[in-house]
Every structure is written in C-alpha cells, then in structure tokens.
Amino acid sequence: MNVQSEPRWIIDTRSAAGGERRAIYFVRDISVRGQVRTARLRASALGWYRAFVNGDDQTGPALVPRWTPFDQYVEFQDYDVTTTLVTGNNRIGLVLGDGRYRGGLGAFQHDSVYGDRLAGWAQLTIEYVDGTRDEYVTDTTWKVGAGPIVRSDPMAGEVVDLRVPSALDPATVIGGFPHAAVTPSGARQLIAEEVERVTEIGRLSAASIIRTPSGKQLVDFGQNASGVVRIRLSGPPGRVVRLNHGEIKGADGELDIKYLTPFRAWPHKPQTDQVTLDGRTMWWQPWFTIHGFRFVEVEGLDANLTSEDIEFVVLSTALEETGSFTASDPRLQKLYENVRWSMRSNFTDTPTDCPTRERSGWTGDAQVFAAAGTVFADIDAYFRRFLRNLAAEQLPDGRMPIYAPAEASEFSGGMARTTRMLSGSAGWGDAIVLIPWTLYSYYGDTTVLESSYPAAQRWIDFLGNRAAAPSRRKRGRRGRVSAHHEQFIVEKGFDWGEWMRPGESFLSSAVDSFRRSGATVATAYYEHSARVLGKIAGVLERTDDERRYTDLADSIRLAWREAYLGPDGRIGIDRQDDYVRALAFGLLDEQERPAAAARLAGLVIAADYHLGTGFLSTPMLLDTLRDNGYADVAYRLLLQETTPSWLDQVNRGATTTWETWEGYTKRGSAANSHNHYSFGAVARFLVEHVAGVAPGKAGFETIEFRPGLESGLTSAAAAVGTPRGTASIAWRKTVGHFSVHVVVPPGALGKLEISSESHLLTEGEHDLHVTIHGTLVNSRDAP
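Everything numeric in this text was worked out from a predicted model, so none of it was measured.

Cut-offs and rules
Residues numbered from 1 in each chain as written. Predicted model: local features only at pLDDT ≥ 70, side-chain atom pairs only at ≥ 80, totals over all residues. Heavy atoms only, no water. Helix = DSSP H or I, 4+ residues; strand = E, 2+ residues; numbered from the N terminus. Rg over C-alpha atoms; globule rule 2.2 N^0.38 Å. Contact = heavy atoms within 4.5 Å. Areas by Shrake-Rupley, 256 points an atom, 1.4 Å probe, with all protein chains shown as cover. Lys, Arg positive; Asp, Glu negative; His and termini not counted. Charge placed at Lys NZ, Arg CZ, Asp CG, Glu CD. Core = buried A, V, L, I, M, F, W, Y, C linked by side-chain atoms within 4.5 Å. Buried < 20%, exposed > 50% of the residue type's maximum accessible area, 1.4 Å probe, protein only. Axes fitted to C-alpha atoms, helices over the stretch in contact; angles between N-to-C directions. Parallel < 35°, antiparallel > 145°, perpendicular 65-115°, else oblique. Left-handed = near helix turned anticlockwise from the far one by under 90°. Nonpolar A, V, L, I, M, F, W, Y, C, P; charged D, E, K, R; others polar. Salt bridge = Lys/Arg side-chain N within 4 Å of Asp/Glu carboxyl O. Pairing = 2+ DSSP bridges. Phe/Tyr/Trp six-rings, centres within 6.5 Å; stacked < 30°, edge-to-face > 60°.

## What about the overall build of the protein?
Item 1. Within the protein, the regular secondary structure consists of 16 helices and 34 strands.
Item 2. Its C-alpha radius of gyration of 28 Å places the protein within 12% of the 28 Å reference for a compact globule of 783 residues.
Item 3. Summarising its shape, the C-alpha atoms of the protein cover approximately 85 × 60 × 60 Å along the three principal directions.
Item 4. Taking all contacts inside the protein whose residues are at least 6 apart in sequence as the whole, residues at least 24 apart take part in 72%.
Item 5. A total accessible area of about 28800 Å² is found for the protein, and carbon and sulfur atoms account for 50% of it.
Item 6. Distance between charge centres in the protein, computed from 84 positive and 96 negative side chains, equals 5 Å.

Set out below in structure tokens:
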C-alpha cells in the first residue's frame, strides 16, 4: 500500500504527562471537487482511535491499532470511504483515547509506558472519475477540538460528559480551534494490520437484574466474557451514572472485586465507566476501554432497568471459529464451551492471561494453550503476529520477554531489572520454539518456522549459557552429575516452574520453584526445546543445525537423567508433573517408561483420581496417561467432580476456566482470576481423544481418527478446521453396536483406529458400523 515513508504524526501540544488526559478530537474540513471513483482512508494512532468521515464512524467498536512494540512499529487500518464522501465540504475526524499506548498496563496498571502524548496519523486518497487525484495527510492544517470523552483507560474504564459538544459534528464551527502540531516519527514504522481486528463478535442479554442490599442495580449476563456494556440512559442533566464491572457476586449479594487484589500492596483500580447525562434519553457504550465481567453494577439511574435497556457487547479478535464438540455427557460439552469463552475473552490484541487483573500477553500461558486454540478457530495468523511481537523484543543475550508485547519502552526507561531477570524462565521463553512447532504441526506451513528460527536459536544459546554458569543450588537432584554433564543443568536464576499446582498460591508456587523444583523443570525444557529446534532445522533442511541441536538435546538428556532420575525410578520431587514431563518429553529409555507411567498413575490414584499438576504439565497429563496404557485413569481423572478438577468448576457454575483449581478460598470467597485459558488446554484432549480427530502428518495431510471408546461415553462428535477444509467425526455406542461417521477433507488421508483395527479412508464421507461381541469385530466400511 502507498503509505508515507515518513508519516506525519499529529499531537495536541496541550496534552502531556501530569496534565490534560482527555481524549483528543482531531478534525479537518476538505473539499471534494467532483465525482469520486474511489476513496480510501488509512489511519492509525499512538493510542486507540476512531476515524470519522462526515460524522460516520468508520472504525466502529474495533479497538485499533492493536498492541505492538510501539517503539518499533504500529499497525494502520484501511477504510473504503468512497460512498461516504460528498461533493463539496466534508469533515474528517480522528478521536484518540489512551489505549495500550498511554493507558494502564499489567498487574500494577502502570500508565504512560510508551509515551505521555497521544498521536494520530491519517492519509485520505481520493481518485476522481476524470483521472485526477487528491491526497490529504495529517499535518498542521488539522484542528484540535473537544468532545464528551473526559478520560479513557483500557483497564480502569471511560469517563464521559455528554453535555460537552463534539467537534465531529459537521455543524460545529472549527475555525477558531487550535492547530495540531506535527511530531517526528522517529524509528517507528507503520505496518499494515496482520490479523482480524478486536471488535464486536456478539451480544448477550441480561439473565437477571436485581437490587442489591445496598440499593444498586446488579445485572447478571449469565456469562463471563470480555467487552463493554451498551445501555439506555435517561435522567436530568448533570446526573452521574456509574457502571462497575466484575466476574463475581459476593455472598453478601454485592459485586465483588476485592479478590482481584492478592496483596495489599497490589493496587487494582475497578473497571468503572462513568457518564454524566445531558438530559436526553439515549443508547450509550464506551469507545476506548474493555472489561472482563459477568456482572455490571449500575449506580445513578432512578428507574429499574429491564433486559430491553442493557446488553453485553462481546469484544474479541474476530477469528473464524472452525471447531465444535459434543458428547453424551453434558458436563464435557459445558467444559468445552467454558474454554471457548475463556479463549474469546483473552484472545484480544494479544493472547492475555486474564481480561481483568493483568491483561498481559504471558508467554507461558500462550505456549501451553496454542494447540488447544486450534480446535476452536483458525489461530495461525493470530499466533504468528504474537511471535513477531515476541521476537521483536528479545533481549540481546537471548532471553525472551515474559509477555509480548513486553510492556516496556525507551520512554519509560526500558525493561525493569526484575522483568529482565524473569525473562529467562523456562517454559515461558520456550514459547519462541514450541509455538512455531505447534503451528507447523496443525497448519503445515514452514514460514512460521523460518521467521522464528533466529530468535529460537538465540533462546537456546541463552539457556546454554545459563546452564554453563556455576550455581550453588542443587534443586530437585536425585543423583550426582559428572563434571561434563554439569554444564547442561539449568539451575542458576529463577524459573516460574510448574506454576500453580493444586493448593498453591502465587507465593508458594514461586518459592517451591526457587527452592525445590525449578531446575528439574528448566533442564527438561532445555532438552525438549533443543530437540524440537533440531526437528525444525530438519524441516527447513538445515542439516548441520539439525545434527547440532539433536546432539545438544542428547547431552542434556543424559545430564537430566543423572541429576533427576533416581536408581529407584523416582523422578525429581516425585510429583505428578515430574513424570508427565519425563514421559511426554521422551527423557526416559523405553524400558523405564512402564515404571514411570505406573508411578504417575499411582500418584493420581493415591490422590483419589485427582490431578496434581500446574500450568505447564496439565495440558500433557491426560495424553501421557492414555498413551502409556492408563486410558482408564485418564478418563476417570477427566470426569472427576471434586476439587481439584475441571468438572468441579463446571458443577460450581463456572462459565469460563479459572486461574487456580480452587477458585475460592476455604472461607468461600472468590480468589484470583475466574477467566484464564491455561487449564482449559484440556479442550484439545476432548476433541482429539474423546471425540477422536487429530492431525497425523503436519497440516492434517493425514488425519488420525480414534474414537474414545474407553471414555465410558455413549457418543461424542467433533469438527476441526484444517488447511484442507473441515475434518469431523461422530460416533455412537449402544449395546452390541458401534457406529461412526467420518469426514475427510479434500487432499487428506484418514486413518480410523477402533480397538486393534485400522481403516484407511480417502477424502469424503465414511460410515463404519461395528457389531460388538466382547471385542470389536465384523466391521464393514460403507463410504
């Protein structure tokens, strides 16, 4: 696209740190001198913006531009305004809010991270029927007006005074308005947006509206999600209406937001929108904020709200949702839908940990969930963008930011020392290796492997340097390590570790990793990522690198075995996650696997079929049990209904997945986020091993169909999007009979496995009917 090589960003010189924080209304009047063939408006901002032509909102509810490493690049959007322009006078407008650029970021809601002045950019290109052309760009001819948005923060909310007229109104005379100033663009580049925008993907109606004991109106939408409220407002001029958003209704009947503050020193501003009325009755929704909530508390309205007066506008990246899952057990269907809602809530302008407390693009969360995301939607481009942002802010020594974007800039002093230290955490930084491999496995395109390869190499080199550094702490060791192998043990520094096993708090989980288990986890991930990078090198036909990283992985594997595999077969701290990693990563010899699998199953059984894993190993737990001969344990664990378990959350009314297994304190108060997708990675198991449809060769060139007959269900079905089209399976089991319907997309080859039988299926629809006489026999394939 034809974009200015040095774009002119315009600013309001009156807006600076510690001063005015209002939204900025930039306007310019232009003259259209004839019949227009085409007209395109390209726009962007340092902040969030909405673009207007003659009062017509081109941007709508989209939150643009998306979050990027703003020091390096910012995305622009392209609008077709051919039919919006009129012959004669026209008014172009840009309204800017704080967005991720100046608004609150992260757990401590630091603002002005990237700058204290919002800036806008626009380029309007008009081509006339007679072949002539006009172009208007942001410059000092633009004027700075006013409007009703007093303040807008992406986390804390929006403050609006409807009594203030808008400069966007074509009837407003702007001649006396001050001129905008042009600011240097510096090294920052403008790039075209890469994926679908964060915008409205649906609406929810109120499930109930009550008066709380304090007299406030509390609206329950019945679903935890991410978005804003659209509400009909009415009242005298000057009346203030407040909308407080939250996930939880407390035992006292009031909205509960205290649980989002784990420590007294951890301030958390409530998600509150505030509107000062102008006497009109009107529909209103905020422009430049987004909230995570199920409930909204309304203050300041005299009349009782009805479901006709308020609705939930759900905001998320407008991904193409391609997956589905059903089962004879409705609890599993609900679990799948809960995960879908957590994904929608957190797949905004970067994949975030939660839509309330932090909204940061934590790499560990993304790493463990990426494969599960593929069963819901086409996430290929979305995660490529995430990886681009992650690689752009890789530290010089190879460390990867713990979240992407890194929430740091030259303006605010760069990355904090603590954040730099945490950026060496295994399982989190490994996202730069493991997510590209996941995308390749599900979508089959080597481009993502190529683009992420240099950053992945630097990450492995960093882990190598970290392992070679001397360390006095010998965490989780079960044996002595030779001098040669000592250089492959990752012990120095801090790792998040397994993170949030059942019963762990943030503090206890961090302490456990630092004192006991962190090195066991980190060394295992060092081996795993080195081996995966060797596979990536092989796919890219980099033979020397393939040999180099495979040999490195072999050396790390031997070191890990010396340090963490005891002579009695016990591993690490002898917890469930120790065995999950060892088996899933291939750290054990073939003859050692049965004992390790038995120990893992034994630990689960000893816990009365409850899991004991945290963020990193939970996505691999059920697969590991099933693949090592304990499918019965895996399915019983999946169907467990008491804490800690997935179905405990379902039975307790959850509509999304929780950050912790418990979700509540022993006293019954809510604890931590109730909308995290990490533990929802189980959705992949539901689709691939309960229903039974999974990729074989990369990109679903071959497709594995394996109905989960051991699950105890009587039926299940799933569909997934593949690069070749939709692949699906639906099976049903009755007394003495089993039937399955399979769809193989064009260009793929299916492999259907039932018990010990295997059927090769070409593209198209297939029905298989089996008569059961003790075992599965007498099958016939009827395409």
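Back to the write-up after that little detour.
## Considering the nonpolar core
Item 1. Ranked by internal contacts, the top residues of the largest apolar core, which has 146 residues, are F325, F383 and L638.
Item 2. Among the elements that make up this core, the one with the highest residue count is helix α9 (residues 506-539) (13 residues).
Item 3. Setting aside chain neighbours within four positions, we find L638 in contact with L332, L335, L622, W646, L647, V682, F685, L686 and V690.
Item 4. Core analysis: the next-biggest nonpolar cluster, separate from the first, contains 45 residues, F26, Y114, I126 and V144 among them.

## As for the packing of helix α4 (residues 380-392) against helix α6 (residues 431-443)
Item 1. Between α4 and α6, the least distance of the axes is 11 Å, while the angle of their chain directions is 160°. The orientation of α4 relative to α6 falls into the category roughly antiparallel. Taken as a pair, α4 and α6 cross one another with a handedness that is left-handed. Contact residues: D380, F383, R384, F386, L387, L390 and A391 in α4; A431, I432, I435, P436, L439 and Y443 in α6.
Item 2. Residues of the contact of α4 with α6, tallied by class, amount to 11 nonpolar, no polar and 2 charged.

## As for the pattern of salt bridges
Item 1. A complete count under the given rule lists 63 salt bridges for this structure.
Item 2. Salt-bridge contacts for D495 lead to R466; the nearest nitrogen and oxygen are separated by 2.4 Å. Of this pair, D495 sits in the loop between α8 (483-486) and α9 while R466 is found in helix α7 (residues 447-468), placing the two residues 29 residues apart along the sequence. Here D495 and R466 have matching classes, each one buried.
Item 3. Each of E498, R501, E504, D512, R516, R575, D577, D578 and R581 takes part in a single network of salt bridges with overlapping partners.

## With respect to the sheet that holds strand β27 (residues 702-705)
Item 1. If you walk across this open sheet you meet the 4 strands as β26-β27-β31-β32, and the pairing is mixed. The sheet terminates laterally at β26 (693-695) and β32 (757-761), the two strands that pair on one side only. Across the sheet, the mean angle from the axis of one strand to that of its neighbour is 25°, orientation sign disregarded.
Item 2. With 3 bridges connecting them, β26 and β27 associate as antiparallel partners. Directly across from A694, in β27, lies its bridge partner E704.

## Side note on the environment of I201
Item 1. Within the element layout of this structure, I201 appears in strand β15 (residues 198-205).
Item 2. The spacing of I201 and R515 is 314 residues in sequence and 45 Å in space, taken between C-alpha atoms.
Item 3. Ignoring anything within four residues of it in the chain, the contact list for I201 reads V314, S316, T317, A318 and R344.

## Focus on unusual backbone geometry
Item 1. A cis amide bond, omega -10°, links A404 with the succeeding residue P405.
Item 2. The omega torsion of the bond from T643 to P644 falls at -5°, within 30 degrees of zero and hence cis.
Item 3. Within the secondary structure, P644 is located in the loop between α14 (631-638) and α15 (646-651).
Item 4. Unlike most non-glycine residues, Y609 shows phi in positive territory, near 60°.
Item 5. Here Y609 lies in the loop between α12 (593-606) and α13 (618-627).
Item 6. Residues other than glycine seldom take positive phi values, yet F700 does so here, at roughly 60°.
Item 7. Here F700 lies in the loop between β26 and β27.

## Re the packing of α7 against helix α10 (residues 543-564)
Item 1. Two elements in contact, α7 and α10, have axes whose closest approach is 13 Å; the angle formed by their N-to-C orientations is 30°. Relative to α10, α7 is oriented roughly parallel. The element α7 and its partner α10 pack so that their crossing is left-handed. From α7, Y453, Q457, I460 and D461 reach across to α10, where they touch D545, R548, Y549 and L552.
Item 2. Looking at side-chain class alone, the contact of α7 with α10 contains 4 nonpolar, 1 polar and 3 charged residues.

## Some remarks on the sheet that holds strand β10 (residues 143-145)
Item 1. One open sheet holds the 5 strands; their spatial order is β5-β4-β7-β2-β10, and the pairing between them is antiparallel. Each end of this open sheet is capped by a strand with a single partner; those strands are β5 (56-57) and β10.
Item 2. Of the strand pairs in this sheet, strand β4 (residues 48-53) and strand β7 (residues 88-97) are connected by 6 bridges, and their pairing is antiparallel. In the strand pairing of β7, W48 is matched with G97.

## Notes on the packing of aromatic side chains
Item 1. A complete count under the given rule lists 35 aromatic pairs for this structure.
Item 2. Taking the centre distance of 5.0 Å and the plane angle of 90° together, the rings of F615 and F679 count as edge-to-face. With F615 in the loop between α12 and α13 and F679 in the loop between α15 and α16 (682-691), the pair connects residues that are 64 residues apart, well separated along the chain. Like F679, F615 is buried.
Item 3. On the basis of an interplanar angle of 80° and a centroid distance of 5.5 Å, the ring pair of W646 and W661 is categorised as edge-to-face.

Read these as geometric descriptors, not functional statements.
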